[in-house]
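Topology and contacts: notes
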Amino acid sequence: MEPSVIIARRIAQELRDGMLVNLGIGIPTQVANYVPAGIDVFFQSENGLIGTGSVPEEGMHHRLLTDAGGKAVTALPGACTFDSATSFGLIRGGHLDMTVLGGLEVDAAGRLANWTIPGKMVPGMGGAMDLVSGAKRVVIAMQHTAKGKSKIVKECRLPLTSVRPADLVVTELAVIAFPGGRATLLEVAPGVAVADVLAATEAPLTVSSELHTMMLTAEGSS
Amino acid sequence: MKTLSLEQAAALVPDGASVMIGGFMGVGTPERLIDELVRRGTGGLTVIANDTAMAGVGIGKLISAGLVRRAIVSHIGLNPETQKQMIAGKTDVDLVPQGTLIERIRAGGYGLGGILTATGVGTVVEEGKPTLTLDGKKFLVERALRADFALVNAFLADYRGNLTYALTARNFNPVIATAADTVIVDAENIVPTGVIPPDHVMTPAPLVDYLVAH
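Conventions we followed
- Residues numbered from 1 in each chain as written.
- Chains lettered and ligands numbered in written order.
- Predicted model: local features only at pLDDT ≥ 70, side-chain atom pairs only at ≥ 80, totals over all residues.
- Buried ≥ 20, exposed ≤ 12 C-beta atoms within 10 Å, placed from the backbone.
- Helix = DSSP H or I, 4+ residues; strand = E, 2+ residues; numbered from the N terminus.
- Contact = placed C-beta atoms within 7 Å.
- Pairing = 2+ DSSP bridges.
- Axes fitted to C-alpha atoms, helices over the stretch in contact; angles between N-to-C directions.
- Nonpolar A, V, L, I, M, F, W, Y, C, P; charged D, E, K, R; others polar.

Observations concerning helix H3 (residues 84–92) of chain A
Every α-helix winds through 3.6 residues per turn, so residues three or four apart in the chain are directed the same way. Burial analysis of H3 of chain A places seven of its nine residues in the buried class, the great majority of the element. Listed as buried for H3 of chain A are Ser84, Ala85, Ser87, Phe88, Leu90, Ile91 and Arg92 of chain A. Those residues of H3 of chain A that are buried lie in contact with strand S1 (20–23), strand S2 (42–45) and helix H4 (128–134) of chain A together with helix H5 (98–109), strand S6 (114–117) and helix H6 (173–176) of chain B. Of the residues one or two after H3 of chain A, Gly94 of chain A is the one with positive phi, at around 80°.

Next comes the structure, spelled out in structure tokens:
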């Protein structure tokens, strides 16, 4: 299974009925493909939409209906649109139940860096800082390593997105949380040994006494 | 509210003006006004907007034409030309968190000196800014933003200047319409007064100075 599919299917397990959820660009977007059966969630696009649906069928797009990446989307029954001040009021004001974002680095306390590599990549933070500072629950979706190096580090070398720590990091190898400010291994992916995760992780990891294997939402259940 | 031709409307904007422009990755941007500014070569602009779109789209056209001296935006990731000009020192780019940016504009339009937000605390965004701790929580003091002009893209404008927006093209538009000395609207449709019911008006007519004729 593709790393991104493992990550998306595991994060889909975090969805609860009635949640308002923001999905970032990249792997987070794929979570929408694996919403568990019987669960109805509201997806927000921060450009001003709640009720974001799938990619439109050929010829059914509207040029004024896009997601936060500027891509054509559909709107589901009950959807609503609003301006950017309302959108970020929802995000900062404690109304957003969960945000799922990509990451470049997460430190041992769960703090995220995901918006710039100084001198190399300066895209701007967009809404990421508000999302991490304001959402009720912050979930990071990223591959465990990049070019063989751990992305879960002792201390972030890249500029932080927020000092507010993430609640959960999900990679293709593991699920990690940060109770008491300490990186704690909660789950390993099917077929992955704890030793593999420890070897692939720069940050010191505490292994949870309740460690278990990741549950993955069935494919195509939405 | 006065109606102007496209040429007259764009001619109101002088070189060196500060201009708020609606749109999110080009969706909800007054494209005709941008094209006319490019044709006139109105330069040295300070652009305040969500992003600089893509090359060849919306604000991206102003960037590619070298007309932007300073951009106050949240995102330039889809426009490599903005990044190139920033690195070359041709365009100053102030990157502002999106929620902070829109709220600074809202403050500018609603008579507030600024806002307090936890977004950016402990990051590079905090550098050089006053902070306040209220009830044990730390906030950045972010100043209000205003501009000489707001270039607004609406879906419907009635003959009086009442506006509505469509789908995700609303984004920054109704907020910038409150925060500039002169508000110029390019509407996709100009409709008789009354077509927009009072409860559906999103920008009240008195905020609009000029409507661009079709």
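Thoughts on the sheet that holds strand S8 (residues 137–143) of chain B
All names here are of chain B. Overall, antiparallel pairing links the three strands, which are arranged S6-S8-S7 in an open sheet. One side of each edge strand has no neighbouring strand; the edge strands of this open sheet are S6 and strand S7 (131–134). When the angles between neighbouring strand axes are averaged without regard to direction, this sheet yields 35°. When S6 meets S8, the two strands line up antiparallel, connected through four bridges.

Observations concerning the interface of chain B and chain A
On the chain A side, the residues contacting the 38 residues of chain B number 31 residues. Broken down by secondary-structure element, the contributors of at least two residues to the side of chain B that touches chain A are H5 and H6 of chain B. Top element by residues in the side of chain B that touches chain A is H5 of chain B. It accounts for five residues. A breakdown of the residues in the side of chain B that touches chain A according to their chemical character gives 19 nonpolar, 16 polar and three charged.

Let's talk about unusual backbone geometry
In the Ramachandran plot, Met25 of chain B falls in the positive-phi region, its phi being about 50° despite a non-glycine side chain. Secondary-structure assignment places Met25 of chain B in the loop between strand S2 (18–21) and helix H2 (31–40).

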